[in-house]
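So the chains spell out like this:
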Amino acid sequence: MNKDEIVCRCEEVTYKEVLKAIKSGCKTISEIRRKTRAGMGFCQGKSCRSIIAKMLAVEGGKEVSEIEVEKIRPPAITVKMKIF
Amino acid sequence: MTNKLYTDVLIIGGGVIGSSICYYLSKKGINTVLVERFGISSGSSGACDGFIFLQSKKDKDLCTLTLESLKKFTFLSEELSYDTEFEKCGGLVIFTDEGKFRLLDDKSGNENKSENRKRSSIISKKDGIKGNNYIKKIDRLELKKIEPFISKKVIAATSCGDEGQVNPINLNFGFIEASKRNKAKILTYEEVVSFNITQNENYFNEDITYRRKISKVYTANREIIPEEVVCACGAWSKKIGDMAGTKIPVIPRKGTLIVTEALPKIINHVILDFDYLCCKYEENRELGFTIEQTKSGNLLIGSTREFAGFDDRVDFNKLSKVIYRAKEIFPFLGEVSIIRSFCGFRPYSPDLLPILGKVQGFDNFWLAAGHEGDGIALSPITGILMSELIGEKINSGKILNNFLGVDLKKFSPERFNKV
């Protein structure tokens, strides 16, 4: 994978930045989210969550299934406030 | 147990308070270890807004500490080499009710109106805040100029130009990264499971007093032997107190926050509804409205103040009410999308003041918790204060009782042991 390739498209976080966060001690998807903003954007990590889980697994010598699943925060899809 | 670790100071809690204490201690060259049971910022510091507000500080000494904190914030990004996204954008407290706004001027000593007087004093006007015009009153016309999208329903506001906002998560990571450079050891995903406490008999005027000392701290795979132990577990501090056999009166006060999609600059200040301020002082009120726009453009809308234990589910009804109020004050919000909502737990202290200092009956157990909604704003000064206290004790064995002219008895954990 190209080091400058974007992992989180909403917040434009690159592979390199996520890797740096993992190297600095981040061990879960949610900690990486807080450190790099990957997964904080409009889609709430729907596309980058699985890539980051895979990266954590590779770097930590684990299986993807061992990576802690991030708590999903409501709403499941974005909604306009006028519906409330 | 193979893994032994000796340290001068052990800090429990990797939130903004714990990491700030860690940074300022390690800056003094004191050997420091921080343990956190999950990741950095995984508790309240990662589920809050970034207000640095002065108008809400009713207490004079709390005001002094907040002002000092504000001074630190202005150059903290540079000091930590980490962008904390601090911005001195100014803060507004907004009023939709003429009567409540007039109360600010009501200084008559009418005892029947004590409830009203209590409310008006919620906005601190003079005591801690220097200068007569520090907090300005703004009418609707002026408000429209500085906050063009605000609804006509808002009839007035009070403003303070020194207030600002910060990104709490960046602040937290900034303290941690800087601590690491200062040779502090950060242990994440390690939960403290028990203490080993030794009792010392002290003879004083023929009275025997027992003073306890935390001699060992155990995590799942490590034994830590500290000189001093600091509990900075915010809303979760009670659990650590129970382990040590002392009562820590901090309970969680839940808040619900909403994050919207990123927008161009549309809100210029950190804004608090007056009713939200009242929530802090009235236990049976729990709904309020606050809004800020973060550097990334997302709006952060809050909030509730509920006593609901550690239930971290978002209550749809309360969320709807906050949104309803938000739309009332900023009508454009109807067209804006919510991308997530979450809850955080403020560490509520019974007298609404943070608990800072040495725990009574212990030789080496310190507490820095109970900031309720002010933890982010007070984090730099809490770190400095605690590092001064602990540093002084390590160097000279003395316990300071004064800091920046503030009598520390007021904040000491001992205050809850009286009566």
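Computed from a prediction, not measured in an experiment: that's the story for all the values here.

Draft legend 1. A look at the overall build of chain A. Broken down by element type, chain A carries 3 helices and 3 strands. What you see in chain A, going N to C, is helices and strands ordered as β-β-α-α-α-β. Along the first, second and third principal axes, the C-alpha atoms of chain A reach 45 × 25 × 20 Å. For chain A, buried positions account for 43% of its 84 residues. Of the contacts formed within chain A by residues at least 6 apart in sequence, a portion of 44% connects residues at least 24 apart. Per element, the accessible surface of chain A, about 4,900 Å² overall, is 54% carbon and sulfur. Positive and negative side-chain charges in chain A, numbering 18 and 11 respectively, have mean positions lying 6 Å apart.

Draft legend 2. Spotlight on the interface of chain B and chain A. Each partner contributes residues to the interface: chain B has 34 residues there, and chain A has 22 residues. Approximately 2,600 Å² of surface area, both sides summed, lies buried where chain B meets chain A, with 52% of it carried by carbon and sulfur atoms. It is B:Tyr189, B:Ile339 and B:Arg340 in chain B that bury the most area against chain A; as a group they hold 24% of the surface buried on that side. At the boundary of chain B with chain A, the tally comes to 4 salt bridges. Linking chain B to chain A there are 19 residue pairs in polar contact (both at pLDDT 80 or more). If you tally residues by element for the side of chain B that touches chain A, the top one is strand β16 (residues 337–348) of chain B, at 6 residues. Residues that form the side of chain B that touches chain A fall into these classes: 15 nonpolar, 12 polar and 7 charged.

Draft legend 3. Broad picture of the packing of aromatic side chains. All names here are of chain B. In this structure the tally under the stated criterion is 16 aromatic pairs over all chains. Plain terms: the ring middles of Phe-95 and Phe-101 are 4.9 Å apart, the flat faces sit at 65 degrees to each other, and that makes the pair edge-to-face. For Phe-95, a relative accessible area of 1% puts it in the buried group. Centre to centre, the rings of Phe-307 and Tyr-348 are 4.9 Å apart; their planes meet at 80 degrees, and the pair counts as edge-to-face. Of this pair, Phe-307 sits in the loop between β15 (298–304) and α9 (316–329) while Tyr-348 sits in strand β16, placing them 41 residues apart in sequence. Take Phe-307: its relative accessible area is 35%, and that puts it in the partly exposed class. When its relative accessible area of 7% is taken as the criterion, Tyr-348 is described as buried.

Draft legend 4. Representation of the packing of helix α1 (residues 15–23) of chain A against helix α2 (residues 29–36) of chain A in the model. Residue and element names in this part refer to chain A. In contact at an axis separation of 10 Å, α1 and α2 are set at 115 degrees when each is read in the N-to-C sense. Crossing handedness for the pair α1 and α2: right-handed. Each of Glu-17, Val-18, Ala-21 and Ile-22 in α1 lies in contact with α2, whose residues at this interface are Ile-32, Lys-35 and Thr-36. Tallied by class, the residues present in the contact of α1 with α2 amount to 4 nonpolar, 1 polar and 2 charged.

Draft legend 5. Representation of the pattern of salt bridges within the structure. All names here are of chain B. Inspection of every chain in the model, using the stated rule, returns 36 salt bridges over all chains. Residues Glu-372 and Arg-253 are paired through a salt bridge, measuring 3.0 Å at the closest nitrogen-oxygen approach. Of this pair, Glu-372 sits in the loop between β18 (365–369) and α10 (375–396) while Arg-253 sits in strand β12 (residues 251–262); the two residues are 119 residues apart in sequence, bridging distant segments of the chain. Since its relative accessible area comes to 0%, Arg-253 is described here as buried. When salt bridges with common partners are traced through the structure, they connect Lys-153, Asp-273, Arg-325 and Glu-328 into a single cluster.

Draft legend 6. Representation of helix α8 (residues 274–281) of chain B in the model. Within α8(B), 8 of the 8 residues are buried, which leaves it mostly tucked inside the rest of the structure. Those residues of α8(B) lying buried are B:Phe274, B:Asp275, B:Tyr276, B:Leu277, B:Cys278, B:Cys279, B:Lys280 and B:Tyr281.

Draft legend 7. Seen up close, the sheet that holds strand β3 (residues 79–80) of chain A. Taken in spatial order, the 9 strands line up as β3(A)-β16(B)-β12(B)-β15(B)-β14(B)-β13(B)-β4(B)-β6(B)-β5(B) in an open sheet, and their pairing is mixed. Looking at which strands have only one partner, the edges of the open sheet turn out to be β3 of chain A together with β5 (136–139) of chain B. Note: strand β13 (residues 270–273) of chain B against strand β14 (residues 287–293) of chain B, 2 bridges, orientation antiparallel. Within the sheet, the bridge partner assigned to B:Ile271 lies in β14(B) and is B:Ile291. Lying on the sheet, α8(B) is in contact with β4 (91–95), β12, β13, β14, β15 and β16 of chain B; it crosses β13(B) at an angle near 65 degrees. The sheet strands contacting α9(B) are β4, β12, β13, β14, β15 and β16 of chain B, and the helix crosses β14(B) at an angle near 60 degrees.

Draft legend 8. Representation of α1(A) within the structure. Residue and element names in this part refer to chain A. Turning to α1, its buried residues are Tyr-15, Val-18, Leu-19, Ala-21 and Ile-22. Buried residues of α1 fall within an arc of 160 degrees about the axis and therefore sit on the same side. When the buried face of α1 is taken as reference, the exposed residues oriented beyond 90 degrees from it are Lys-20 and Lys-23. At its buried positions, α1 is contacted by β1 (6–8), β2 (13–14), α2 and α3 (48–60). Two residues or fewer past α1, Gly-25 is found with a positive phi of approximately 120 degrees.

Draft legend 9. Seen up close, the layout of surface pockets. Residue and element names in this part refer to chain B. When its volume is computed, the second largest pocket comes out at roughly 450 Å³. Together, 21 residues line the second largest pocket, and Lys-358, Ile-399, Leu-400, Ser-412 and Glu-414 are the ones closest to its centre. Looking at the lining of the second largest pocket, the elements that each hand over two or more residues are β17 (355–358) and α10. Of the residues in the lining of the second largest pocket, the class split is 7 nonpolar, 6 polar and 8 charged.

Draft legend 10. Summary view of the pairing of β12(B). Residue and element names in this part refer to chain B. Counted residue by residue, β12 has 10 buried out of 12 residues, so it is predominantly covered. Sheet topology note: the β12/β16 ladder contains 10 bridges and is antiparallel. Residue pairing for β16: Ile-251 is matched across the bridge by Tyr-348. Bridge count for β12 against β15 is 3 bridges, and the pairing is antiparallel. Each residue of the ladder has a partner; that of Ile-258, found in β15, is Ile-301.

Rules used throughout
Throughout, a residue's number is its position along its own chain's written sequence, starting from 1. By the order in which they are written, chains take letters starting at A while ligands take numbers starting at 1. The predicted nature of this model means local features are confined to residues of pLDDT at least 70 and side-chain atom pairs, given and counted, to a pLDDT of 80 or more, with totals for whole chains, interfaces and linings taken over all residues. Derived side-chain values reflect all non-hydrogen atoms in the structure, with water molecules and hydrogen atoms excluded from consideration. Helix and strand labels come from DSSP, where a helix needs a run of H or I of at least four residues and a strand needs a run of E of at least two; each type is numbered from the N terminus. Only protein chains enter the calculation, and the probe is 1.4 Å; a residue is then buried if its accessible area is under 20% of its type maximum, exposed if over 50%, and partly exposed in between. We call two residues in contact whenever any of their non-hydrogen atoms come within 4.5 Å of each other. Note on areas: Shrake-Rupley, 1.4 Å probe, and residue coverage restricted to the protein chains presented here. Charged residues are defined here as Lys and Arg on the positive side and Asp and Glu on the negative side; His and the ends of the chain fall outside this count. Charge placement uses NZ in Lys and CZ in Arg. For Asp and Glu, CG and CD serve respectively. Accessible area that two parts lose when put together, with a 1.4 Å probe and added across both, is what the buried area reports. Think of a salt bridge as a Lys or Arg side-chain nitrogen and an Asp or Glu carboxyl oxygen that are within 4 Å of each other. In the analysis that follows, any N or O atom pair within 3.5 Å is treated as a polar contact, provided that within protein one partner can donate a hydrogen and the other can accept it, and provided that, for residues neighboring in sequence, both atoms belong to side chains. Gly falls in the polar group here, along with every residue not listed as nonpolar (Ala, Val, Leu, Ile, Met, Phe, Trp, Tyr, Cys, Pro) or charged (Asp, Glu, Lys, Arg). For Phe, Tyr and Trp, rings pair up if their centres lie within 6.5 Å, where Trp contributes its six-membered ring, and each pair is then called stacked (planes under 30 degrees apart), edge-to-face (over 60) or tilted (otherwise). Working convention: axes come from line fits to C-alpha atoms, limited for helices to the stretch in contact. Angles between N-to-C directions cover 0 to 180 degrees. A crossing counts as left-handed when the near helix is turned anticlockwise from the far one by less than a right angle, and as right-handed when that turn is clockwise. When DSSP finds at least two bridges between two strands, those strands are taken to pair. It is the directions from the helix axis to the C-beta atoms whose arc is reported. The definitions used throughout rest on a 1 Å grid laid over the protein atoms alone, on which a cavity is an enclosed set of points accommodating a 1.4 Å probe that cannot get out and a pocket is an open set flanked by protein within 12 Å on both sides along at least five of seven lines; lining residues are those having an atom within 4 Å of a point. Grid points are joined across faces, edges and corners, and a volume is the space filled by probe spheres set on the points.

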